[in-house]
Amino acid sequence: MTSRRQHWDTVYRTRDPQQVSWYQEDPARSLALIESTGVSTRARLIDVGGGASRLVDHLLAAGFVDVTVLDVAEAALAHARDRLGSAAGEVTWIEGDVTTYPFARRYDLWHDRAVFHFLCDEADRNRYGAQVRTAVAPGGHVIIATFGLDGPDQCSGLPIVRYDSTAMTRALGPGFAPVGFEEELHRTPAGGSQHFLYGHFRRVATGEDQVGA
């Protein structure tokens with residue numbers, strides 16, 4: 001069976017990042033949601049599954065100084081580093097699976113566009129929620145975008161899980177207070193459309209936080 005790492009490395013070694021269906025030249029919705037949180041440009045941000053995404057370019061241009069990009073595919077990260085050139089040195093790059101990576105620091109804002117909906121197994125979703133609770137301190141912001149209920153039922157040859165606001169909140173598990181939800185009709189490079197749902201959550205304290213305090 002092909003692993004996540006093998007699958008996504010193959011995608012980014014064999015396809016132009018500007019031709020994959022989820023590509024965005026201008027990640028305007030994500031940027032607007034990040035701005036709406038009010039975090040400062042010194043906030044610790046992580047873009048999960050950011051790979052070849054151009055969000056990091058825009059964050060650097062906006063003056064953010066502590067940006068991390070995590071992706072399971074080294075090939076995706078390589079595309080972004082090559083694109084940024086010398087500016088790539090201003091970013092922390094992590095090759096790792098979000099469900100298992102041993103996070104050693106906490107972030108003020110966690111952003112994920114189009115990773116969570118690939119976690120079809122409940123165990124993986126539970127691990128993901130636990131990872132966010134580890135990596136984001138209470139009071140921090142969590143922004144997650146998945147396919148909405150009218151979105152496709154698979155992407156890049158893989159099955160996905162579609163969400164509405166209730167299902168997304170439930171799937172994340174305890175420790176997340178919904179702030180708001182927004183829908184987006186994403187136009188793919190091939191001219192198609194994909195319905196996305198963006199959820200903004202605040203990380204709230206749980207019993208685990210109290211025990212570990």
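Residues numbered from 1 in each chain as written. Predicted model: local features only at pLDDT ≥ 70, side-chain atom pairs only at ≥ 80, totals over all residues. Heavy atoms only, no water.

**Examining the sheet that holds strand β1 (residues 45-48)**
Here we have 7 strands laid out as an open sheet, ordered β3-β2-β1-β4-β5-β9-β8, and mixed in their pairing. Both outer strands of the open sheet, β3 (91-95) and β8 (176-187), are each paired with one neighbouring strand and no more. Each adjacent strand pair in this sheet contributes to an overall mean axis angle of 15°, direction not counted. Pairing of strand β2 (residues 67-71) with β3, which is carried by 5 bridges, proceeds in the parallel orientation. When the sheet's bridge partners are listed, T68 is paired in β3 with T92. (Pairing = 2+ DSSP bridges. Helix = DSSP H or I, 4+ residues; strand = E, 2+ residues; numbered from the N terminus. Axes fitted to C-alpha atoms, helices over the stretch in contact; angles between N-to-C directions.)

**Thoughts on helix α6 (residues 165-172)**
Buried within α6 we find M168, A171 and L172. One face of α6 carries all of its buried residues, which in axial projection span an arc of 100°. Buried residues along α6 sit against α5 (122-135), β5 (136-147), β8 and β9 (193-203). Two or three places before T166, at the opening of α6, D164 has a side-chain oxygen 3.3 Å from that residue's backbone nitrogen. G173 occupies a position one or two residues after α6 and carries a positive phi of about 85°. (Buried < 20%, exposed > 50% of the residue type's maximum accessible area, 1.4 Å probe, protein only. Arc of directions from axis to C-beta. Contact = heavy atoms within 4.5 Å. Polar contact = N/O pair within 3.5 Å; in protein donor to acceptor, adjacent residues only side chain to side chain.)

**Observations regarding the packing of aromatic side chains**
One pass over the full model with this rule turns up 9 aromatic pairs. Ring geometry for Y101 versus F103: centroids 5.2 Å apart, planes at 75°, classification edge-to-face. Judged by centre distance (6.4 Å) and plane angle (85°), the rings of F103 and Y107 are edge-to-face. Here F103 and Y107 have matching classes, each one buried. A cation over a ring is seen here: R81 above W93, with NZ or CZ 6.0 Å from the ring centre. (Phe/Tyr/Trp six-rings, centres within 6.5 Å; stacked < 30°, edge-to-face > 60°. Lys NZ or Arg CZ within 6 Å of the ring centre and 35° of its normal.)

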